[in-house]
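Okay, here's what each chain looks like letter by letter:
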Amino acid sequence: MMGIVLFKVALVVYLASAVVYGGSLWGRRVMPARFATGLMFAALVIHTSSFISRWLADGMTPIIGLYDVLSFFAWVMAAAYLAMQLRTKTRVLGAFVSPVICVIMVIASVELGGGVGASAMLKGSLVTAHVMLSITGEALFAVASCAGIMYLLQDSLIRRKKEGSLIRLFPSLRDLDRINYLCLFWGFPLLTLGILAGSFWARIVWGSHWQWDSKQVWTLLAWGLYAFLLHQRLVIGWQGRKAARWSLMVFSALALLLIVGKLFFQTAHNFM
């Protein structure tokens, strides 16, 4: 299938981008990071083509099964990061974002062809909205956590007065904090809308908005944590180091909850 071929090509280009980003940090030069950004954009275009090809071939939204979910998650991360490039000077942040994208793409490649069949209940617009909105919100949180890691690293170097050529290569703390905020600001409402769409879909399929499904429970807990974090940023005024640290902790909790729920608890979300 052409979609699978394009996915594999995109994976190779993402890997090349990560290597060049790493070389930029190692050599402490901005120019390789610019080239790596171009590679990531090329990978994103190829990745997008793989989705379109799959969609045209199957006649359905290609977000069914773990392979599709992980692939779409990586796609959103790449698209969000590149979009941030238009508003902030954070090119070297790609050295932190691209390895995460590559890991997710590699895991997705292992799941290639292992997705579940598209039953009738998975073909409605509500399930499409539920999956795509939820994944988009979670992927934005992943980008926020990468910005948080880079913020904490740079802040630590500055506080220890180790400002060498590497620190001059890093984006400003202000830009990193802005990315953290923007990803949280947009990711939270998207995740909320995804949860609501899933709730309405559950009502239609199972007769109730809430099933005490493990995925529902873990997602609601993560939603509560992000609601708290967004409240603290908007109302209390959290920013900088504290916001970065909490962003990283909350995303780690989200990832852990979803992994534990997937491995050790039964769920009706086998299509994700």
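Residues numbered from 1 in each chain as written. Predicted model: local features only at pLDDT ≥ 70, side-chain atom pairs only at ≥ 80, totals over all residues. Heavy atoms only, no water.

**So, the overall build of the chain**
What the chain contains, in helices and strands, is nine helices and zero strands. Along the chain direction, N to C, the helices and strands of the chain fall in the order α-α-α-α-α-α-α-α-α. Across the 272 residues of the chain, 47% fall into the buried class. Relative to all contacts within the chain whose residues are 6 or more apart in sequence, the contacts with residues 24 or more apart total 79%. (Helix = DSSP H or I, 4+ residues; strand = E, 2+ residues; numbered from the N terminus. Buried < 20%, exposed > 50% of the residue type's maximum accessible area, 1.4 Å probe, protein only. Contact = heavy atoms within 4.5 Å.)

**What about the confidence of the model for the chain?**
In low-pLDDT regions, the fine details of the predicted coordinates are not to be read closely. On average, residues of the chain score 84 in pLDDT, and 85% of them reach the 70 mark or higher. Looking at the elements of the chain, mean pLDDT is at its lowest for helix 6 (residues 165–169), recorded as 67, and at its highest for helix 4 (residues 94–110), recorded as 92. (pLDDT = per-residue confidence, 0-100.)

**Concerning the pattern of salt bridges**
With the rule as written, the count across this model stands at four salt bridges. For the salt bridge of Arg54 with Asp68, the shortest nitrogen-to-oxygen distance reads 2.4 Å. With a gap of 14 residues between them, Arg54 in helix 2 (residues 31–58) and Asp68 in helix 3 (residues 66–85) connect regions that are remote in the sequence. The pair formed by Arg54 and Asp68 is uniform in burial state, with each residue classed as buried. Across the pair Asp155 and Arg241 runs a salt bridge whose closest N-O atoms are separated by 3.1 Å. Of this pair, Asp155 sits in helix 5 (residues 125–159) while Arg241 sits in helix 9 (residues 240–264), placing them 86 residues apart in sequence. When its relative accessible area of 32% is taken as the criterion, Arg241 is described as partly exposed. (Salt bridge = Lys/Arg side-chain N within 4 Å of Asp/Glu carboxyl O.)

**Digging into the packing of helix 3 against helix 5**
Orientation of helix 3 relative to helix 5, taken along the N-to-C sense of each, is 50°, at an axis distance of 8 Å. Judged by the inter-axis angle, helix 3 sits oblique to helix 5. The two elements helix 3 and helix 5 cross, and the hand of that crossing is right-handed. Counted together, Val69, Phe72, Phe73, Val76, Met77 and Ala80 of helix 3 and Met132, Ile135, Thr136, Glu138, Ala139, Leu140, Ala142, Val143 and Cys146 of helix 5 form the full contact between these two elements. In terms of residue class, the contact of helix 3 with helix 5 is made up of 13 nonpolar, one polar and one charged. (Axes fitted to C-alpha atoms, helices over the stretch in contact; angles between N-to-C directions. Parallel < 35°, antiparallel > 145°, perpendicular 65-115°, else oblique. Left-handed = near helix turned anticlockwise from the far one by under 90°. Nonpolar A, V, L, I, M, F, W, Y, C, P; charged D, E, K, R; others polar.)

**What about the environment of Gly187?**
Tracing the chain through its elements places Gly187 in helix 7 (residues 173–206). A relative accessible area of 0% means that Gly187 is categorised as buried. Sequence spacing of Gly187 and Phe141 is 46 residues, and the spatial spacing of their C-alpha atoms is 6.3 Å. In this structure Gly187 touches Gly137, Leu140 and Phe141, once residues within four positions along its chain are discounted.

**Overview of the nonpolar core**
One broad trend across soluble globular proteins is that nonpolar side chains are buried collectively. Membership of the largest hydrophobic core comes to 72 residues, with the highest contact counts inside it found for Tyr14, Met77, Leu93, Ile101 and Tyr226. Of all the elements in the fold, those that place two or more residues in this core are helix 1 (2–27), helix 2, helix 3, helix 4, helix 5, helix 7, helix 8 (214–236) and helix 9. A total of 14 residues in this core trace back to one element, the largest contributor, which is helix 5. Look past the residues within four positions of Leu93 in its chain and what remains in contact with it is Tyr81, Cys146, Ala147, Met150, Pro171, Leu176 and Ile179. (Core = buried A, V, L, I, M, F, W, Y, C linked by side-chain atoms within 4.5 Å.)

**Side note on the side chain of Glu138**
Residue placement: Glu138 occurs in helix 5. Note on Glu138: relative accessible area 10%, which makes it buried. Look past the residues within four positions of Glu138 in its chain and what remains in contact with it is Phe73, Leu191, Phe251, Leu254 and Leu258.

**Some points on the packing of aromatic side chains**
By the definition in use, this model includes ten aromatic pairs. Geometrically, the ring pair formed by Phe7 and Tyr67 is edge-to-face, given 5.1 Å between the ring centres and 80° between the ring planes. Separated by 60 residues along the polypeptide, Phe7 in helix 1 and Tyr67 in helix 3 bring together distant segments of the chain. In this structure Phe7 comes out as buried when scored by relative accessible area, which is 0%. The class for Tyr67 is buried, based on a relative accessible area of 10%. Judged by centre distance (5.8 Å) and plane angle (90°), the ring pair of Phe228 and Trp238 falls under edge-to-face. Of this pair, Phe228 sits in helix 8 while Trp238 is found in the loop between helix 8 and helix 9, placing the two residues ten residues apart along the sequence. (Phe/Tyr/Trp six-rings, centres within 6.5 Å; stacked < 30°, edge-to-face > 60°.)

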